[in-house]
Amino acid sequence: MCYLYVLQSLKNQTYYVGSTNDLKRRLDEHKSGQSNYTNKILPIKLVFKQKFSTLQLARKAELWLKRQKSKTLIVQIINDGKISKQF
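Residues numbered from 1 in each chain as written. Predicted model: local features only at pLDDT ≥ 70, side-chain atom pairs only at ≥ 80, totals over all residues. Heavy atoms only, no water.

A. Summary view of the nonpolar core. The biggest cluster of nonpolar side chains holds 14 residues, and the ones touching the most others in it are Leu 4, Val 6, Val 17, Phe 48, Leu 65, Ile 74 and Ile 77. Secondary structure elements with two or more residues in this core: β1 (2-9), β2 (15-20), β3 (44-52), α3 (55-68) and α4 (71-80). If we ignore the near neighbours within four places in the chain, the residues touching Leu 4 are Val 17, Gly 18, Ser 19, Phe 48, Lys 49, Gln 50, Phe 52, Ala 58, Ala 61, Glu 62, Leu 65 and Ile 83. Counting eight residues, the second-largest nonpolar core is a separate cluster that includes Tyr 5, Leu 23, Leu 27 and Ile 41. (Core = buried A, V, L, I, M, F, W, Y, C linked by side-chain atoms within 4.5 Å. Buried < 20%, exposed > 50% of the residue type's maximum accessible area, 1.4 Å probe, protein only. Helix = DSSP H or I, 4+ residues; strand = E, 2+ residues; numbered from the N terminus. Contact = heavy atoms within 4.5 Å.)

B. Spotlight on unusual backbone geometry. Between Leu 42 and Pro 43 the backbone carries a cis peptide bond, its omega angle lying at 0 degrees. Located in the positive-phi region is Lys 69, a residue other than glycine, with phi close to 50 degrees. Among the structural elements, Lys 69 can be located in the loop between α3 and α4. In this structure Lys 69 comes out as exposed when scored by relative accessible area, which is 76%.

C. Highlighting the pairing of β1. With eight of eight residues buried, β1 lies mostly within the body of the structure. Residues of β1 alternate between two faces, with Cys 2, Leu 4, Val 6 and Gln 8 on one and Tyr 3, Tyr 5, Leu 7 and Ser 9 on the opposite face, all of them buried. Two strands pair when backbone bridges link them, and β1 and β3 are joined in this way by eight bridges, in the antiparallel orientation. When the sheet's bridge partners are listed, Tyr 3 is paired in β3 with Lys 51. Two strands pair when backbone bridges link them, and β1 and β2 are joined in this way by six bridges, in the antiparallel orientation. From the neighbouring strand, Tyr 5 faces β2, where its bridge partner is Gly 18. The antiparallel hairpin formed by β1 and β2 contains five residues in its connecting segment, where Gln 13 sits at a positive phi of about 65 degrees. (Pairing = 2+ DSSP bridges.)

D. A look at α4. When α4 is considered as a whole, its buried residues turn out to be Leu 73, Ile 74 and Ile 77. Along the axis of α4, the buried positions cluster into a sector of 100 degrees, meaning they face one direction only. Structural note: α4 exposes Lys 71, Thr 72 and Asn 79 on the side pointing more than 90 degrees away from its buried face. Considering only its buried residues, α4 is in contact with β1, β2, β3 and α3. In the segment just after α4, Gly 81 is the residue with positive phi, at about 80 degrees. (Arc of directions from axis to C-beta.)

What is shown is where atoms sit, not what they do.
Right under this line is the structure:
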């Protein structure tokens, strides 16, 4: 399975949106400071994840969400527990 995920910084409350085919590995990389962006906003927590059948679909959803540039939308998705748009 592949995932779209959202991390939230406990330091400054900002969000990070990503996608991966191995969520546990990717979270470990983020938490250990191996990611350039999240290294600056540690500590972080996983606040949202959604499964996709392919990495291509997860990446499309990631790109769509990033292009929206909307913290309000991210919060709504977290609260809803899913992205309702089809990819």
